[in-house]
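A look at the structure
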Amino acid sequence: MDRRDFIKISAIAGTTAALDGCGQPEHQLIRFVPEEDLVPGVAAWKPGVCAHCSAGCGLLVRVMPGEAEVVRGNKVGLIQMGLAKKLEGNPGHPVNRGKLCPRGQAGVQSLYHPDRIRGPLKRSGARGSGSFEEIGWDEALGTLVSHLTTLRKGDGASSLAFLIGPMRSQRRALIERFLRAFGAPPPVTSELFDDAVLRRANALSFGHTQLPTFDLGRVNYLVSFGSDFLGTWNSPASQAIGYGEMRQGHSGRRAKLVQIEPRMSLTGASADEWIPCRLGYEGVLALGIARELLAKFPEAKTLAAGRLLAGWSDGLPDYAPASIERLTGVPAMTVARLASEIAENVPALSLISGAPLAGTNGLFNALSVNALNALVGALTPTGEPDVLQFTPNAPLAPDFAAATAESPGCFSAVEALVREILLDQPHAPQVLLLYGTNPVFAMPPQSQVRAALEKVPFIASFDGILDDSSALADLILPDHSPLESWVDQIPESGTTVETVSLAPPAVYPLHDTRAMPGVLLEVAHRLGGEVADALPWKTFDEMLKAAYAPLMKAGGSIAATSEDDFWEKMQSQGGWWGQADPEAAQPAVGPRRRAKRGKAVSTPAPHAPLAFQPPEFDGSETDFPFHLLPFATQAFGDGTLAHLPWMQELPDPLTTAMWGSWVEINPRTAEARGIRQGDLIELTSPQGSLRAPALLTPGIAPDVIAMPVGQGHENYGRYASHRGANPISILSPKKEAETGALAWAATRVRIARVGEGKLVLFAGGMSRFPEEKGLR
């Protein structure tokens, strides 16, 4: 008998006998034979890949022998096994270079979370009731295969839908291949803080449909338009490393950071200068700065990135300092000073992300900052490397690259799926698969995601924690945690070399879960025919090995004598990456860059020049006088990590708030309405209302009300369920016009004090307002 299948019942003298004598054999302790060779007291460091955001950072997992409660053969018992004790950054990985953010450190809690689903479940009560019963994997797989087989009997193959979270990995490639062979449409990606607007702008300005990579260590002057690049956006670990080099790497001078935003972020708190700007007018400010520079360097009027904007070739006559001050609230003298400081401190760089792109005119704002970057890049002396680059994507599968370039904003894609379901359109989904996304929580209620999911005849979820969306499923096939799985990731940015992050399982599974790719392969083989032929691998690691075998010929960080040798070294290293070569990084497009490089660069896509259009907001200024600004937090992101207690307990870097929601409000605004620290206030938008305690902070514009995203789940484990409020629940479904991305910064609200609330702050010994004396 294979020792992995052998179960040994421990004969614990006295205890077991006593239990048997009491007639309670169900309390016998089952002890399983170890499944691996262990050396007591000796730690092993194993490679890993962080799955808590899309940056693709490399990990080192400290594994030591220990005793754990596990599920084997539908039985719960104890086993001696290697247990993950600590996560650190992988020093050799080109993205994070040994660093790791708080979200990455919390990866061990995804493994040991007490609310993990321990095995397959089927719904036993009304949909959405959260009532499920345990079943075996044979029954679970048989149920899913039965529903899929029924679809394929007629012309119903296109009635299969797959709703996923953002992925740049072979998991996505596997899903796409499965759906294509089945005859179903491609997967629909659901993501709240979607970067579709910036990707579209970069395609138009620079010919790259991806997020940029910044050589911050060489930057002398950095202007950030709403981008919390040190806290929550894109690749924070990589960008924080670059920011440290920027601050310390210039002999005899200190690089300057200017942050332009209506609400102070973690990045804003680190800036030398913080400038509030009217929400949605950031592009106007960027062009105001560009106008000053064009007056000094008129030859830049021919820049392709600039000609995407109306008036660029004429020197931007509509963006005079007085007009900029009137529109943005930024003094004309400040605009002129910023332009002068930029010109005197090249290489300079501008970033944009977040709220400026989350309005109805987000593309204009992005193109304006891109044009400013192209202009400033043209001022940099010929021969110096670019500070704005794009990570080479050679390892990326061609079909995935095309899908990335052509896909609309996530919100529009989800809206289209919802419309198909609710309107009973031909080939509306009859079977829906969910993986890595929670659209019921992360989409405005007016998008009707919940109503659509409730109407789908059959839903299967692969998620390992019951959340707001998987609670509506009929079948749950729980995925392994990332530390129990084969994980790969192709970083979109954060490094100037081609990179694939990859790691085998660091520990054996704790529960009766199965990795989603393995389940999908098993389902394909049971379906047979074209689907089985399209997915010939028996295991996911076989697929990974085949997918990345061509990298052996590319050289890079691994010198190997055979494919097997290459595969082993790729696992032990934590992935593969190309050689550090400044010429390998893909530069942004501009006359200076084209002149200095012999290699070809991507050509920007054609587009009619855009003129400024004021942002549109849901709600009149009279009835709803404040802008609502939802924001991602370093702990929760878009709410995906709210179930982890470490993230709940992590004090917000600026406010020290924890274990709940809060509403940030300017002290002058609060005083005018009789609101004090900790008061319970009601936010009302045209879409609904919510209540949360007030947190007074001077780092926010008087006409802006800000609230963190992440709390307010109905279902998400014991630590996140029914905790705080969800600002997404009162958002308007307005969209950015060209990409269809959700304009999550386009909602107005009014506020009113309704009573006393509870605000948990770490500062002052985790005091609760307003209970502490002297605060009212």
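Residues numbered from 1 in each chain as written. Predicted model: local features only at pLDDT ≥ 70, side-chain atom pairs only at ≥ 80, totals over all residues. Heavy atoms only, no water.

**Structural notes on the overall build of the protein chain**
- Within the protein chain, the regular secondary structure consists of 24 helices and 30 strands.
- Buried residues in the protein chain amount to 58% of all 776 residues.
- For the protein chain, restricting intrachain contacts to residue pairs at least 6 apart in sequence, the fraction spanning at least 24 positions comes to 72%.
- Carbon and sulfur atoms make up 51% of the accessible area of the protein chain, which totals about 29700 Å². (Helix = DSSP H or I, 4+ residues; strand = E, 2+ residues; numbered from the N terminus. Buried < 20%, exposed > 50% of the residue type's maximum accessible area, 1.4 Å probe, protein only. Contact = heavy atoms within 4.5 Å. Areas by Shrake-Rupley, 256 points an atom, 1.4 Å probe, with all protein chains shown as cover.)

**Remarks on the pairing of strand 5 (residues 75-89)**
- Relative to strand 5, strand 2 (residues 30-32) runs parallel, the two being bridged by two bridges. Bridging across to strand 5, F32 finds its partner in I79.
- Of the strand pairs in this sheet, strand 4 (residues 58-72) and strand 5 are connected by 14 bridges, and their pairing is antiparallel. Residue P65 lies in a different strand from strand 5, and its bridge partner there is G82. (Pairing = 2+ DSSP bridges.)

**Side note on the pairing of strand 8 (residues 160-164)**
- Across the five residues that make up strand 8, a large majority, five, are buried.
- Burial of strand 8 is two-sided: the residues L160, F162 and I164 facing one way and the residues A161 and L163 facing the other way are all buried.
- One ladder, built from five bridges, connects strand 8 with strand 16 (residues 431-435); its direction is parallel. Paired with I164 across the strands is Y435, a residue of strand 16.
- Looking at chain direction, strand 8 and strand 9 (residues 188-189) are connected through two bridges and run parallel. Paired with L163 across the two strands is V188, which belongs to strand 9.
- In terms of handedness, the path from strand 8 via helix 5 (residues 170-182) over to strand 9 forms a crossover that is right-handed. (Right-handed = clockwise from strand over helix to strand, strands pointing away.)

**Concerning the side chain of T655**
- Examined against the element boundaries, T655 turns out to sit in the loop between helix 22 (645-649) and strand 24 (663-665).
- You can call T655 buried: its relative accessible area is 11%.
- Only 2.9 Å separates the side chain of T655 from the side chain of D652, close enough to count as a polar contact.
- A polar contact of 3.2 Å, which involves the side chain of T655, links it to the backbone nitrogen of A657.
- Excluding its chain neighbours within four sequence positions, the residues that come into contact with T655 are W662, E664, L695 and L761. (Polar contact = N/O pair within 3.5 Å; in protein donor to acceptor, adjacent residues only side chain to side chain.)

**What about the pattern of salt bridges?**
- According to the stated counting rule, one finds 34 salt bridges in the structure shown.
- Across the pair R526 and E522 runs a salt bridge whose closest N-O atoms are separated by 3.0 Å. Residue R526 and its partner E522 are both found in helix 17 (residues 516-527); the two are separated by four residues, about one turn of the helix.
- Classification of E522 as partly exposed rests on a relative accessible area of 30%.
- In this structure, R691 engages E682 in a salt bridge whose closest nitrogen and oxygen atoms are separated by 3.2 Å.
- Here the salt bridges share partners, and the residues they tie into one network are K256, E273, R337 and E341. (Salt bridge = Lys/Arg side-chain N within 4 Å of Asp/Glu carboxyl O.)

**Considering the environment of Q446**
- Secondary-structure assignment places Q446 in the loop between helix 15 (439-442) and helix 16 (449-455).
- Spatially, the C-alpha atoms of Q446 and S729 are 8.8 Å apart, while their sequence positions differ by 283 residues.
- Once residues within four sequence positions are removed from consideration, Q446 is found in contact with Q687 and P733.

**Structural notes on the packing of helix 5 against helix 19 (residues 540-548)**
- Their axes nearest at 11 Å, the elements helix 5 and helix 19 cross at an angle of 100°. One element, helix 5, and the other, helix 19, form an angle in the roughly perpendicular class. When helix 5 is examined against helix 19, the residues Q170, R171, A173 and L174 are found in contact with a partner set consisting of F540, M543, L544, A547 and Y548.
- Among the residues making up the contact of helix 5 with helix 19, the classes are represented as seven nonpolar, one polar and one charged. (Axes fitted to C-alpha atoms, helices over the stretch in contact; angles between N-to-C directions. Parallel < 35°, antiparallel > 145°, perpendicular 65-115°, else oblique. Nonpolar A, V, L, I, M, F, W, Y, C, P; charged D, E, K, R; others polar.)

**A few points about the environment of V507**
- Mapped onto the fold, V507 is located in the loop between strand 20 (499-503) and helix 17.
- Taking the C-alpha atoms as reference, V507 lies 8.1 Å from M81; in sequence the two are 426 residues apart.
- Not counting residues within four places of it along the chain, the set of residues in contact with V507 comprises V63, G82, L83, A84, L111, L483 and E484.

**Details of the sheet that holds strand 20**
- Taking strand neighbours across the sheet as the criterion, the three strands line up as 19-20-21 in an open arrangement whose pairing is antiparallel. Strands with a single pairing partner mark the edges of an open sheet, and in this sheet they are strand 19 (487-489) and strand 21 (575-577). Taken pair by pair, the neighbouring strands of this sheet meet at an average axis angle of 10°, ignoring direction.

**Here we look at the side chain of S493**
- Mapped onto the elements of the fold, S493 is located in the loop between strand 19 and strand 20.
- By relative accessible area, S493 is classed as buried at 2%.
- Here N234 takes part through its side chain, which lies 2.9 Å from a polar atom of the side chain of S493.
- Setting aside anything within four residues of it in sequence, one finds S493 in contact with V95, L211, P212, T213, N234, S235 and T391.

**What to know about the nonpolar core**
- L216, L222, F225, F229, I289, W312 and L349 are the most contacted members of the largest nonpolar core, which totals 70 residues.
- It is helix 12 (residues 362-379) that provides the largest number of residues to this core, a total of ten residues.
- If near-sequence neighbours (up to four positions away) are discounted, W312 is found in contact with L287, A290, L294, A300, K301, L303, G306, R307, A371 and L375.
- In this structure, L628, A670, L690 and A746 belong to the second largest nonpolar core, which totals 68 residues. (Core = buried A, V, L, I, M, F, W, Y, C linked by side-chain atoms within 4.5 Å.)

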